[in-house]
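Residues per chain, in single letters:
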Amino acid sequence: MKQAINTQEFLHSILNTSRDGIALLDGETNFLFCNEAYLKMTGFTLDEMLTLSCAGLSVPEDLPRALHAIEMVKRDGFIENFEKTCIVKEGKKLRVNMSITLMPDKEHFLVNVHDITESNKLEKTLQNYVTLIDDNIITSSTDLYGNITETSTAFCRISGYTREELLHKNHRIVRHPDMPDPIYQELWETISKNRIWNGELKNRTKDGEYYWVDATIYPLYDDEGNKIGYTAIRHDITDKKRIEEIAITDALTGIYNRRHFNTLFPRFLSSAKRNNALICFAIMDVDHFKDYNDTYGHQKGDDVLVQVAQNIQTRMFRADDYCFRLGGEEFGIIFKCENSEKSFLFVDSIRESIEKLEIEHRKNSASPFVTVSIGLMCIESGLIENETQLYAAADKCLYRAKENGRNRLIMGEKYTSLIDIT
């Protein structure tokens, strides 16, 4: 036999069990009833609450909104998710989310209140972090085709573009022409396989300047696990790269120095050996350069070195073509080529172009102008034991070019091993 329930007591128990604040208000928003959760939330006793009004607890800046909300309830019958700040016991501030319903008698209001003070603080903290990240971290997201869907303020600032100018544009908008295609091929191959890619990229700003970033690119998924694009996080390393450039650049000519040659040459050979590529290395000397300095002065001599370096640099078209000032009047170039005949023609065109600068050199036995003598070695990388061996072979060819009258290119023959020439 079911036990009879005292409806009034049961209802009272339900109201006081609720973890949300519940109150009954009259038409002027005066409190007529508050459950225990509401009293605990505000710190007031029931007797104290019955002397107060719900609107009256509002902070001054929220009072007009609170009164307007009541008018909306009278008109529409309810309002949900109304947020305001209340002043409660001992002057403490309480941030609440309220639902207000007009009772059937049209004279009373039922209020359900949820304390969101802490969650609001957390939300503000998170928003501060989001703002901090947006202002300081260079981030962007793209669709599967590389079209930009989101971008941070920091990315806009460093690139020089506005958010509107970046959105829906392909990420190629910031690609710098100096960056070789293989880097981007590797990047896309990696992320297309749902792996994370990390590397250094040189980017171009809207006004044509450049900046360097250390970028990490992640696949981006929706809630169902479908890949929908990519997110990139970047760190500005422009200053670091500029310092590196200073360290590896010849101060006079602006091309790579001997230090960078010593670092890059072994890596270049090691990379070429993976597919036994044909390696071409040339050393060139400005003919009778000491005599030029003695005749025209060291300032003019420096000018010659700069012009020769610039002439060589302008002919280094591919990403893996490199030129160096190896010391004094000696320059070097390394590159890959399909065959030795093409490499000979390429290097000899550099020799001819330097003479065509028509820089007067009265003490040059080979020409009335500044010229260079060149030694060239082209050999399959698999036959090269070390870079020292290749350097010595090219240097021997250079010596033969000088012995044979200067202003000429001598290329080593097709040896089966560098041991034969060194």
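See the structure shown above.
Novice: Lay out unusual backbone geometry with the relevant residues and their values.
Specialist: A negative phi angle is the norm for most residues apart from glycine, just as the trans form is the norm for most peptide bonds. Residue Lys 106 is not a glycine yet carries a positive backbone phi of 65°. Examined against the element boundaries, Lys 106 turns out to sit in the loop between β4 (93-102) and β5 (109-115). You will see that Glu 358, though not glycine, has its phi angle at about 55°, which is positive. Mapping Glu 358 onto the fold places it in the loop between α13 (340-355) and β14 (372-380).

Novice: Go over the packing of helix α10 (residues 258-272) against helix α14 (residues 387-403) with me, naming the residues and quoting the values.
Specialist: Remark: α10 packs on α14, axes separated minimally by 10 Å, with the N-to-C direction vectors making an angle of 110°. With respect to each other, α10 and α14 are oriented roughly perpendicular. For the pair α10 and α14, contact is made by Arg 258, Phe 261, Phe 265, Pro 266 and Leu 269 and by Glu 387, Leu 390 and Tyr 391, respectively. Its residues placed into classes, the contact of α10 with α14 shows six nonpolar, no polar and two charged.

Novice: Summarise empty space enclosed by the protein; cite the residues concerned and give the values.
Specialist: Taken as a whole and assessed by the stated rule, the structure comprises two cavities of 30 Å³ or more. Empty space within the largest cavity amounts to approximately 60 Å³. Lining the largest cavity we find Thr 29, Cys 54, Ala 55, Ala 66, Ile 70, Phe 82, Lys 84, Met 98 and Ile 100. Mapped by element, the contributors of at least two residues to the lining of the largest cavity are α4 (63-76), β3 (78-87) and β4. For the lining of the largest cavity, the per-class residue count stands at seven nonpolar, one polar and one charged. Taken as a whole, the second largest cavity holds about 40 Å³ of empty space. As for the second largest cavity, its lining consists of Tyr 38, Thr 42, Leu 57, Lys 84, Cys 86, Val 88, Leu 94, Val 96, Met 98 and Val 113. At the level of elements, α2 (36-42), β3 and β4 are the ones that each hand at least two residues to the lining of the second largest cavity. It is β4 that contributes the most residues to the lining of the second largest cavity, three residues altogether.

Novice: How would you explain the packing of aromatic side chains if you had to name every residue and give the values?
Specialist: Counted under the stated rule, the structure contains 14 aromatic pairs. Judged by centre distance (6.3 Å) and plane angle (40°), the ring pair of Tyr 256 and Tyr 322 falls under tilted. Here Tyr 322 lies in strand β12 (residues 322-327) and Tyr 256 lies in the loop between α9 (238-248) and α10, a separation of 66 residues in the sequence. Taking the centre distance of 5.1 Å and the plane angle of 75° together, the rings of Phe 261 and Phe 324 count as edge-to-face. Residue Phe 261 is located in helix α10, and its partner Phe 324 is located in strand β12; the two are separated by 63 residues in the primary sequence. Per residue, the accessibility class of Phe 261 equals that of Phe 324, and both read buried. Ring pairing ties together the aromatic residues Tyr 256, Phe 261, Phe 265, Phe 268, Phe 281, Tyr 322, Phe 324 and Tyr 391, which thus form one cluster.

Novice: Please provide a residue-by-residue account of the state of the cysteines, values included.
Specialist: Here the structure, examined in full by the defined rule, presents zero disulfides. Here Cys 378 is not cross-linked by a disulfide; its sulfur's nearest cysteine counterpart is in Cys 280, at 3.1 Å. Judged by its relative accessible area of 8%, Cys 378 falls in the buried class.

Novice: How would you explain the sheet that holds β4 if you had to name every residue and give the values?
Specialist: Strands sit in the order β2-β1-β5-β4-β3 across an open sheet of five strands; the sheet is antiparallel. The open sheet terminates on both sides in strands that have one partner only, identified here as β2 (31-34) and β3. Put simply, the sheet's adjacent strands are angled 30° from each other on average, direction ignored. Sitting on the sheet, α4 is in contact with β3, β4 and β5, with an inclination near 160° to β3. On top of the sheet, helix α5 (residues 117-136) reaches β3, β4 and β5; it is set at about 115° to β4, its chief contact.

Novice: Describe the environment of Leu 345, naming the residues involved and giving the relevant values.
Specialist: With respect to the helices and strands, Leu 345 occurs in helix α13. Classification of Leu 345 by relative accessible area gives exposed; the value is 61%. For the pair Leu 345 and Leu 409, spaced 64 residues apart in sequence, the C-alpha separation works out to 9.8 Å.

Novice: Describe the sheet that holds strand β9 (residues 210-221), and please don't skip the residues or the numbers.
Specialist: Taken in spatial order, the five strands make up an open sheet running β7-β6-β10-β9-β8, and their pairing is antiparallel. Each of the sheet's edge strands pairs with one partner strand only, and the pair in question is β7 (148-151) and β8 (197-204). Looking at each pair of strands side by side, their axes are set apart by 30° on average, direction ignored. Here nine bridges tie β9 to strand β10 (residues 227-236), and the two strands are oriented antiparallel to one another. By the bridge assignment for β10, Pro 219 is matched with Tyr 230. Packing against the sheet, α9 makes contact with β8, β9 and β10, and its axis sits at approximately 130° to β9.

Novice: How would you sum up the pattern of salt bridges? Please name residues and give values.
Specialist: Oppositely charged side chains can pair when the atoms bearing their charge come close. Per the stated rule, a full pass over the model turns up 25 salt bridges. Asp 250 is paired through a salt bridge with Arg 325; the nearest N and O atoms lie 3.4 Å apart. Of the two residues, Asp 250 sits in the loop between α9 and α10 while Arg 325 sits in strand β12, which places them 75 residues apart along the sequence. We classify Asp 250 as buried; its relative accessible area is 12%.

Cut-offs used in this document
Residues numbered from 1 in each chain as written. Predicted model: local features only at pLDDT ≥ 70, side-chain atom pairs only at ≥ 80, totals over all residues. Heavy atoms only, no water. Helix = DSSP H or I, 4+ residues; strand = E, 2+ residues; numbered from the N terminus. Axes fitted to C-alpha atoms, helices over the stretch in contact; angles between N-to-C directions. Parallel < 35°, antiparallel > 145°, perpendicular 65-115°, else oblique. Contact = heavy atoms within 4.5 Å. Nonpolar A, V, L, I, M, F, W, Y, C, P; charged D, E, K, R; others polar. 1 Å grid on protein atoms, 1.4 Å probe; cavity = no way out; pocket = protein on both sides within 12 Å on 5 of 7 lines; lining within 4 Å. Points joined across faces, edges and corners; volume = space filled by probe spheres on them. Phe/Tyr/Trp six-rings, centres within 6.5 Å; stacked < 30°, edge-to-face > 60°. Buried < 20%, exposed > 50% of the residue type's maximum accessible area, 1.4 Å probe, protein only. Disulfide = S-S within 2.5 Å. Pairing = 2+ DSSP bridges. Salt bridge = Lys/Arg side-chain N within 4 Å of Asp/Glu carboxyl O.

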